[in-house]
Amino acid sequence: MKFWYPFYFLYMCVVAVPLLIVSTIITSVLTLILSPLFPNNRISYTPAIIWAKFVCYVFLVRVKINGLDNISNKQSYIFTSNHQSMFDILVVYGWLPFIFKWVMKMELRKIPFLGAACASAGHIFIDRSNPIAAKKSMTNASMQLINGNSVVIFPEGTRTKTGKVGKFKRGAFLLAMELKLPIVPITLSGSYDRLPPNSIFIKPGKITMQIHPPIDSTRYKMEESSVLLRQTQEIVKSGLNQ
């Protein structure tokens, strides 16, 4: 263990975690107020963007983003990213300069303040244990994809336990094909090391978000969704040298 770990752990418990809790509550309240007044507007998204960057700063996490020149803010996309830790959400929120909706698991709806704020902002909760409810959630996601709004999905469905990219589910790819929207693979690296599974110790360091060139989903027939899925997965994995 590095000599400074005990001092950082003390800082994390006494300073960083309380700031995380307080900033999350403030951001949630602001989002609850602003989202109905300014739906799908940068104004209502600003508190979450500031919160995400603030939390990364407080926990001494640096973020580097590559590939922004691959995408246009005038186009709607289906962003598909690997999922390594809680910091993935912070990095995408803070550094992806788009108005977008998350497709997130239903359990997050139960988090005090945060769950209500996400619902107010129009993010989509999906119950993967109920196929009918899951399909309805994806229909709701399609209704959000207007005027350049996008959707962000973790197609693995849950965080990796090993640091490697897990098996992708088909929902994001079927949605892209139905709506004829490009898929944008995103590779997040470093967040697994910042907060490994079953750990409460957040390690300072760097997280990189690599935005890959869009994939034209219209080149694939519906029965070829598995081909599109595998291609996207391979591109995401390539950013991790797997």
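Residues numbered from 1 in each chain as written. Predicted model: local features only at pLDDT ≥ 70, side-chain atom pairs only at ≥ 80, totals over all residues. Heavy atoms only, no water.

Q: Can you break down unusual backbone geometry residue by residue, with the values?
A: If you check the backbone angles, N40 has positive phi at about 50° while not being a glycine. Locating N40 in the fold gives a position in the loop between helix 1 (5–37) and helix 2 (42–58). Here N40 falls in the partly exposed class, since its relative accessible area comes to 30%. Its identity as a non-glycine residue notwithstanding, L60 has a phi of 60°, on the positive side. Topologically, L60 is positioned in the loop between helix 2 and strand 1 (61–66). (Helix = DSSP H or I, 4+ residues; strand = E, 2+ residues; numbered from the N terminus. Buried < 20%, exposed > 50% of the residue type's maximum accessible area, 1.4 Å probe, protein only.)

Q: A description of the packing of aromatic side chains should follow, citing residues and the corresponding values.
A: On inspection of all chains with the given rule, the structure shows 13 aromatic pairs. A ring pair is formed by Y77 and F98, whose centres lie 5.8 Å apart and whose planes are at 70°; its orientation type is edge-to-face. In this pair, Y77 is assigned in the loop between strand 1 and strand 2 (78–81) and F98 in the loop between helix 3 (87–95) and strand 3 (100–105), connecting sequence segments 21 residues apart. In this structure F98 comes out as buried when scored by relative accessible area, which is 5%. Taken together, a centroid distance of 5.4 Å and an interplanar angle of 40° make the contact between W102 and F154 tilted. With a gap of 52 residues between them, W102 in strand 3 and F154 in the loop between strand 5 (150–153) and helix 6 (171–179) connect regions that are remote in the sequence. The class of W102 is buried, set by a relative accessible area of 3%. What makes F154 buried here is its relative accessible area of 8%. Of the aromatic side chains, those joined through ring pairs into one cluster are Y45, Y93, F100, W102 and F154. It is K53 that lies over the ring of W95; its NZ or CZ is 5.6 Å from the centre. (Phe/Tyr/Trp six-rings, centres within 6.5 Å; stacked < 30°, edge-to-face > 60°. Lys NZ or Arg CZ within 6 Å of the ring centre and 35° of its normal.)

Q: Describe the nonpolar core, and please don't skip the residues or the numbers.
A: Counting 43 residues, the largest nonpolar core has F59, F79, F87 and L96 as the members making the most contacts within it. With 8 residues, helix 2 is the largest single contributor of residues to this core. In terms of nonpolar packing, the next biggest core, distinct from the first, is built from 21 residues, I126, F168, A172 and F173 among them. (Core = buried A, V, L, I, M, F, W, Y, C linked by side-chain atoms within 4.5 Å.)

Q: Explain helix 2 to me, using residue names and the numbers behind them.
A: One turn of the α-helix equals 3.6 residues, which is why residues spaced by three or four share an orientation. Across its 17 residues, helix 2 extends 24 Å between first and last C-alpha, which sits within 8% of the 24 Å expected from 1.5 Å per residue. Looking at the packing, one finds that the buried side of helix 2 touches helix 1, strand 1, helix 3 and strand 3. Two or three places before I43, at the opening of helix 2, N41 has a side-chain oxygen 2.8 Å from that residue's backbone nitrogen. L60 occupies a position one or two residues after helix 2 and carries a positive phi of about 60°. (Expected span 1.5 Å × (residues − 1). Contact = heavy atoms within 4.5 Å. Polar contact = N/O pair within 3.5 Å; in protein donor to acceptor, adjacent residues only side chain to side chain.)

Q: An account of helix 3 is needed here, citing residue identities and associated values.
A: Most of helix 3 is tucked away: 7 of the 9 residues are buried. Along helix 3, the positions that sit buried rather than exposed are F87, D88, L90, V91, V92, Y93 and G94.

Q: Run through the pairing of strand 7 (residues 205–211), naming residues and quoting values.
A: For strand 7, the buried fraction is high: 5 of the 7 residues fall into the buried class. Of the pairings in the sheet, the one linking strand 1 to strand 7 comprises 6 bridges and is parallel in character. Each bridged residue has a counterpart across the sheet, and for V61 the counterpart in strand 7 is G205. Relative to strand 7, strand 6 (residues 183–189) runs antiparallel, the two being bridged by 4 bridges. By the bridge assignment, L188 is partnered in strand 7 with M209. (Pairing = 2+ DSSP bridges.)

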